[in-house]
Amino acid sequence: MDLNAKIYVAGHRGLVGSAIVRQLRAAGHRHLLLRTHAELDLTDAHATADFFERERPDYVFLAAARVGGILANRDFPADFVRDNLLIQTNAIHQAWRVGVQRLLFLGSSCIYPRLAPQPMRETDLLTGPLEPTNRPYALAKIAGVEMCWSYNRQHGTRFLAAMPTNLYGPGDNYDPHGSHVIPALLRKFHEARVAGLPSVSVWGSGTPRREFMYSDDMAAACVFLMNLPDATFATLLGSDTAHIDRFEPPLINIGVGHDITIRDLAETVRRVVGFEGEIVYDPTQPDGTPRKLMDVSRLRALGFEARTPLEDGLRAALAASGLVGAATVN
């Protein structure tokens, strides 16, 4: 990507988008197109069309989405499927219409089957039932992958879907109703430490395994992918299964390639926060998918590997969280 190229980062205030903006600015990109939700509602087809027609970006990072943890997905399934379908449909279509050179569509590892072989490969897409607790969100993201694939095949676009593993870092959502596991645990343990509570309750059994990636590592991978040479980038854009007998979606996993149990994660967060009380697991609450480990061999073969150890990333996330007293944690 030329440093003078017009780059639209959709969802630039979120965990993913803000990290991508940091990476682009650090690399010297000078012409970033950034719009808040109040300035541009991507669920509005007319507003989205007007924006793309007026600005005509060269590259698009599509990180805008309605996101949340198990609780939010359980309580607002219609909102999750509707808003995500609208956002990606409008943005992908307009990106084609105005001739965007490359688009990176950001999804989630939840697109893979609940009981997919571990680690999960890109070709495991659509091979089994999804995790019920976030199925509406996952189906919307799968539709986004299919949109990229279909536009590439019909219109010759260069749209790639990237599926990050579980992310955390600056800009994360610490709302108790909508947060994912790491910000939820950071907040719980921090508030328990401040209040002097004897214990913290953690959802589920603690046995599920999860992979976690610091958001700035994820963003570095996204920028790396968008800067690949044309010939290399073209190999990632999928194949038409009507012409060859292979299932190759325009999809690449972004992750660290190893995972830990929720129990080990909780112990690590407790250590980072400095909470000295007990951890109590609540098996009446859902565990979610038993394991979600990404196969990142495709990304590593291209020359990228994550660098931030989990404990270092947790300390950085806590310091940037805005939680009261976070900056005083050792």
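Every chain's residues receive numbers from 1 upward, in the order its sequence appears when written. Predicted model: local features are reported for residues with pLDDT of at least 70 only, side-chain atom pairs are reported and counted for 80 or more only, and whole-chain, interface and lining totals are derived from all residues. As a convention, hydrogens and water are excluded, and side-chain values are obtained from all of the structure's heavy atoms.

Undergrad: What exactly am I supposed to notice about the overall build of the protein here?
TA: When you go through the protein residue by residue, the secondary structure sums to 11 helices and 13 strands. Based on the C-alpha atoms only, the size of the protein along its principal axes is roughly 60 × 45 × 40 Å. Here the protein, with 330 residues, has 52% of them falling under the buried criterion. Once local pairs closer than 6 in sequence are excluded, the contacts in the protein between residues at least 24 apart make up 81%. Surface accessibility of the protein: about 14300 Å² in total, with carbon and sulfur atoms responsible for 51%. Positive charges are assigned to Lys and Arg, negative charges to Asp and Glu, while His and the chain termini are left out of the count. Where a charge lies is defined by one atom per residue type, namely NZ (Lys), CZ (Arg), CG (Asp) and CD (Glu). Of note, the protein has its 34 positive side-chain charges centred 1 Å away from the centre of its 36 negative side-chain charges. Secondary structure counts use DSSP, requiring at least four H or I residues in a row for a helix and at least two E residues in a row for a strand, with both numbered from the N terminus. Accessibility here uses a 1.4 Å probe with only protein chains present; expressed as a share of the type maximum, an area under 20% marks a residue as buried, one over 50% as exposed, and anything in between as partly exposed. Should any heavy atoms of two residues lie within 4.5 Å, those residues are counted as being in contact. Using the Shrake-Rupley algorithm and a 1.4 Å probe, accessible areas are obtained, with residue cover drawn only from the displayed protein chains.

Undergrad: Quick question: what am I supposed to make of the pattern of salt bridges here?
TA: Note on pairing: side chains with opposite charge can pair once their charged atoms come close. The term salt bridge refers to a pairing of a side-chain nitrogen on Lys or Arg with a carboxyl oxygen on Asp or Glu at a separation within 4 Å. Counted under the stated rule, the structure contains 22 salt bridges. A salt bridge links E53 to R56; the shortest N-O distance between them is 2.9 Å. Notably, a salt bridge pairs R300 with E305, separated by 3.6 Å at the nearest N-O pair. Exposure remark for R300: the relative accessible area of 38% places this residue in the partly exposed category.

Undergrad: How do you make sense of the environment of R291 when you look at a structure like this?
TA: Mapping R291 onto the fold places it in strand β13 (residues 291–292). In this structure, the C-alpha to C-alpha distance between R291 and M163, residues 128 residues apart in sequence, is 16 Å. Looking at R291, its side chain comes within polar contact range of the side chain of D259, at 2.6 Å. Polar contact is defined as a pair of N or O atoms within 3.5 Å, subject to the rule that within protein one atom must be able to donate a hydrogen and the other to accept it, and that residues adjacent in sequence are counted only when both atoms are side-chain atoms.

Undergrad: It is not clear to me how helix α2 (residues 45–55) should be interpreted in this structure. Could you clarify?
TA: Helical periodicity: at 3.6 residues per turn, an α-helix aligns residues three or four positions apart in one direction. Turning to α2, its buried residues number three or more, namely T48, A49, F51, F52 and E55. Along the axis of α2, the buried residues cluster in a sector spanning 160°; they form a single face. Seen from the open side of α2, the exposed residues pointing more than 90 degrees away from its buried face are H46 and R54. Phi turns positive one or two residues past the end of α2, at R56, with a value near 45°. The directions from the helix axis to the C-beta atoms form the arc being described.

Undergrad: Looking at this structure, how should I read the sheet that holds strand β11 (residues 260–261)?
TA: Pairing between the strands of a sheet is mediated by backbone hydrogen bonds and can be parallel or antiparallel. Strands sit in the order β11-β8-β13 across an open sheet of three strands; the sheet is mixed. Lying at the two open borders of the sheet, with one neighbouring strand each, are β11 and β13. The pairing criterion for strands is at least two bridges between them, as found by DSSP.

Undergrad: Got a minute to help me understand the packing of α2 against helix α4 (residues 77–97) in this structure?
TA: For any two helices packed against each other, one specifies the crossing angle of their axes together with the interaxial distance. In the contact formed by α2 and α4, the axes pass within 9 Å of each other and the chain directions differ by 30°. Handedness of the crossing formed by α2 with α4: right-handed. Contacts between α2 and α4 involve A45, T48, A49, F52 and E53 from the first element and N90, A91, Q94, A95 and R97 from the second. Classifying every residue of the contact of α2 with α4 by side-chain character gives five nonpolar, three polar and two charged. Only C-alpha atoms enter the line fits that serve as axes; for helices the fit covers just the stretch in contact. Angles between N-to-C directions range over 0 to 180 degrees. Crossing handedness is defined as follows: a turn of the near helix away from the far one that is anticlockwise and smaller than a right angle gives a left-handed crossing, while the clockwise case is right-handed. Residues are sorted three ways: Asp, Glu, Lys and Arg are charged, Ala, Val, Leu, Ile, Met, Phe, Trp, Tyr, Cys and Pro are nonpolar, and all the rest, Gly among them, are polar.

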